[in-house]
Amino acid sequence: MGLRLPSIRRSSSIKGVHVPKGYLIVYVGEKMKRFVIPISYLNQPSFQDLLSQAEEEFGYDHPMGGLSIPCTEEAFEHITSSLNGC
């Protein structure tokens, strides 16, 4: 199963916020808190599970303009903290 992403903006900033090369913005939780994460996370199985959940809940229509992840901020931080060593 390949990972399908909607077209990615080539701009290095979204809504006036600089996004370093090699990173992307995701929105997490009920308040849609913004996180800047390394693109390398996309290859990790635990993060791919989050992407599958996002596809099931939002399809490819993400209301924030970026990738929205349907989990709590605490769960997201727990998953990404385990990926920081990758």
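Here the structure is shown first, and the text comes after it.
Attention here is on the structure that accompanies the text.

Cut-offs used in this document
Residues numbered from 1 in each chain as written. Predicted model: local features only at pLDDT ≥ 70, side-chain atom pairs only at ≥ 80, totals over all residues. Heavy atoms only, no water. Salt bridge = Lys/Arg side-chain N within 4 Å of Asp/Glu carboxyl O. Helix = DSSP H or I, 4+ residues; strand = E, 2+ residues; numbered from the N terminus. Buried < 20%, exposed > 50% of the residue type's maximum accessible area, 1.4 Å probe, protein only. Phe/Tyr/Trp six-rings, centres within 6.5 Å; stacked < 30°, edge-to-face > 60°.

Here the focus is the pattern of salt bridges. In the structure shown here, the tally under the stated rule is one salt bridge. Across the pair K33 and E77 runs a salt bridge whose closest N-O atoms are separated by 3.9 Å. Of this pair, K33 sits in strand 4 (residues 33-38) while E77 is found in helix 2 (residues 73-83), placing the two residues 44 residues apart along the sequence. Exposure remark for K33: the relative accessible area of 37% places this residue in the partly exposed category.

So, on to the packing of aromatic side chains. Under the definition given, this model contains three aromatic pairs. Ring geometry for Y41 versus F47: centroids 6.1 Å apart, planes at 50°, classification tilted. Each member of the pair Y41 and F47 is classed as buried. Centre to centre, the rings of F47 and F76 are 6.2 Å apart; their planes meet at 65°, and the pair counts as edge-to-face. Of this pair, F47 sits in helix 1 (residues 45-58) while F76 sits in helix 2; the two residues are 29 residues apart in sequence, bridging distant segments of the chain. A network of ring pairs unites the aromatic residues F35, Y41, F47 and F76 as a single cluster.

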